[in-house]
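Chain by chain, the residues run as shown.
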2 protein chains.
Amino acid sequence: MQQIVDFILELEKLKAVTRKVRPLGLDRYENSAEHSWQLAMLAFSLAPQAGSPVDIDRVIRMLLVHDIGEIDTGDTMVFVEEGLKERKAGELGAVTRIFGRLPEPRGEELMSLWREFEEAQTPEARFAHAVDRAMPVLLNLANQGQSWRENGISYERVVARVRPPVQAGCPALWDYLAPRLEEARGKGFFGA
Amino acid sequence: MQQIVDFILELEKLKAVTRKVRPLGLDRYENSAEHSWQLAMLAFSLAPQAGSPVDIDRVIRMLLVHDIGEIDTGDTMVFVEEGLKERKAGELGAVTRIFGRLPEPRGEELMSLWREFEEAQTPEARFAHAVDRAMPVLLNLANQGQSWRENGISYERVVARVRPPVQAGCPALWDYLAPRLEEARGKGFFGA
């Protein structure tokens with residue numbers, strides 16, 4: 001039991017990992033713990049629109065754990081390609097340490113979910129990536145492009161990073177986003 | 001698709017619902033969205049210790065939705081019995097409105113999970129309640145009783161509200177908490 005308690009208290013640190021988007025109507029930045037919760041809810045709601053049939057419970061579990069490596073590395077916008085290899089190594093180190101606190105087989109189960117997400121090969125992982133990539137877009141569309149403008153992210157960069165995974169995992173969601181991103185361009189929601 | 005987007009943006013409001021516990025090491029109060037994420041992780045980790053065998057994926061789904069009614073009512077400490085009936089009616093109104101935004105059968109599925117948690121009759125709902133009730137205790141034990149001291153909650157009130165649901169849903173967790181709560185009393189972690 002003490003191992004489980006140590007694990008869950010270590011997860012406290014994900015509440016301190018801030019992202020670049022602000023929750024609608026709030027001044028602060030979003031943290032990766034509440035983001036993970038919202039992704040699970042979006043995945044559940046969107047499951048019938050997944051590109052291939054998915055085991056939605058595995059998608060939910062995957063989304064709940066996929067950001068835990070940020071406890072050591074912090075969150076980095078998907079547009080930052082520099083240092084990617086080092087960040088991924090840091091995240092792997094973090095989850096190895098953190099999931100390793102749990103009694104087996106629980107620790108290995110979480111590790112395997114985390115790896116499945118990273119490898120992005122199964123229908124579940126591809127759907128999870130679509131959801132993860134689309135959520136900040138939905139927030140920015142509702143928020144006058146707040147994190148795009150604050151970080152100088154152009155329309156082209158958003159489309160280049162969002163379209164492939166969203167189209168692969170949830171084509172209907174891309175069909176929804178595409179005209180709205182174009183419209184947002186006209187409204188000046190993007191950075192230079 | 002627009003219904004799903006409206007739903008997920010409505011859920012933004014749970015990130016603004018603050019609780020009485022502060023995340024470890026942070027000055028701000030915890031919000032109900034990150035709390036829901038952490039409960040799902042605790043339930044997953046603790047599942048082998050549940051009082052009866054449970055469908056852990058249903059427990060996780062239940063914990064992800066159980067606080068959504070607070071979008072209209074706010075969070076209230078479990079020790080506050082006054083106004084309980086009105087709060088519960090307010091939460092029911094909120095989830096009826098919010099889940100009702102989703103296309104069927106998704107909306108009804110969430111409603112049914114929310115109701116199952118509220119009724120606390122199934123092994124899954126009882127285990128979910130144990131996890132929900134224990135998590136702030138674990139934080140307070142690690143936090144010098146911050147929310148108990150700030151709100152004048154005595155040892156006796158904590159035991160009275162925590163012991164029955166935790167013992168019913170996860171007896172091993174109560175066995176872990178009981179001596180630590182006594183020890184915390186000796187250290188002055190409780191309010192008057």
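Quantities reported herein were computed from a predicted structural model and do not represent experimental measurements.

Undergrad: What is the right way to look at the environment of A:S154 in this model?
TA: All names here are of chain A. Along the chain, S154 falls in the loop between α8 (146-150) and α9 (155-169). Placed 153 residues apart in sequence, S154 and M1 show a C-alpha to C-alpha distance of 49 Å. Excluding residues within four positions of it along the chain, S154 makes contact with F190, G191 and A192.

Undergrad: I keep staring at the relation of the copies chain A and chain B and nothing clicks. Help me out?
TA: Taken together, a rotation about one axis and a shift along it account for how the two chain copies relate. Its rotation angle being 180°, the transformation that places chain A on chain B also includes 0.0 Å of axial translation and leaves an RMSD of 0.0 Å. The superposition of one copy onto the other is thereby described by a two-fold rotation axis. Of the C-alpha atoms belonging to chain A, the one lying closest to the rotation axis is found on A:E34, 2.1 Å away. By residue overlap, the copies meet face to face through one surface: 100% of the interface positions of chain A are interface positions in chain B.

Undergrad: Help me understand the pattern of salt bridges in this model?
TA: Close approach of charged atoms lets side chains of opposite charge pair. Taken as a whole, this structure holds 40 salt bridges over all chains when the rule is applied. Measuring nitrogen to oxygen at the nearest pair gives 3.8 Å for the salt bridge that ties A:R101 to A:E10. Taken together, the residues span a long stretch of sequence, with A:R101 in the loop between α5 (84-99) and α6 (106-119) and A:E10 in helix α1 (residues 2-10) at a distance of 91 residues. Between B:E183 and B:K187 there is a salt bridge whose closest N-O contact spans 3.3 Å. Judged by relative accessible area, B:E183 falls into the partly exposed class, the value being 45%.

Undergrad: What is the right way to read unusual backbone geometry from this model?
TA: Keep in mind that most residues, glycine aside, have a negative phi and that most peptide bonds are trans. Residue A:P105 is bonded to the preceding A:E104 through a cis peptide linkage, with omega at 5°. Residue placement: A:P105 occurs in the loop between α5 and α6. Even without being glycine, A:Q144 reaches a positive phi, approximately 55°. Assignment of secondary structure puts A:Q144 in the loop between α7 (123-141) and α8. Even without being glycine, B:A120 reaches a positive phi, approximately 55°. When you line up the elements, B:A120 lands in the loop between α6 (106-119) and α7 (123-141).

Undergrad: Is there a simple way to think about the interface of chain A and chain B in this case?
TA: Every contact between the two is made by 51 residues of chain A and, on the other side, 51 residues of chain B. The tally of links from chain A across to chain B stands at four salt bridges. B:E30 serves as the salt-bridge partner of A:K15, at 2.8 Å between the closest nitrogen and oxygen. Joining chain A to chain B, the criterion identifies 22 residue pairs in polar contact (both at pLDDT 80 or more). Breaking the side of chain A that touches chain B down by element, the ones donating at least two residues are α1, α2 (32-46), α3 (56-65), α6, α7 and α10 (171-186) of chain A. With eleven residues, α2(A) is the single largest residue contributor to the side of chain A that touches chain B.

Undergrad: Would you explain the packing of helix α3 (residues 56-65) of chain B against α6(B) in this entry?
TA: How two helices sit against one another is set out by the angle between their axes and by the gap between those axes. All names here are of chain B. Interhelical geometry of α3 versus α6 gives an angle of 90° and a closest axis separation of 9 Å. What the angle tells us is that α3 and α6 run roughly perpendicular. On the side of α3, the interface is formed by R58, R61, M62, L63 and V65, while α6 contributes E109, L110, L113, W114, E116 and F117. Across the contact of α3 with α6, the residue classes tally to seven nonpolar, no polar and four charged.

Rules used throughout
Residues numbered from 1 in each chain as written. Chains lettered and ligands numbered in written order. Predicted model: local features only at pLDDT ≥ 70, side-chain atom pairs only at ≥ 80, totals over all residues. Heavy atoms only, no water. Helix = DSSP H or I, 4+ residues; strand = E, 2+ residues; numbered from the N terminus. Contact = heavy atoms within 4.5 Å. Least-squares fit on C-alpha atoms with pLDDT ≥ 70 in both. Salt bridge = Lys/Arg side-chain N within 4 Å of Asp/Glu carboxyl O. Buried < 20%, exposed > 50% of the residue type's maximum accessible area, 1.4 Å probe, protein only. Polar contact = N/O pair within 3.5 Å; in protein donor to acceptor, adjacent residues only side chain to side chain. Axes fitted to C-alpha atoms, helices over the stretch in contact; angles between N-to-C directions. Parallel < 35°, antiparallel > 145°, perpendicular 65-115°, else oblique. Nonpolar A, V, L, I, M, F, W, Y, C, P; charged D, E, K, R; others polar.

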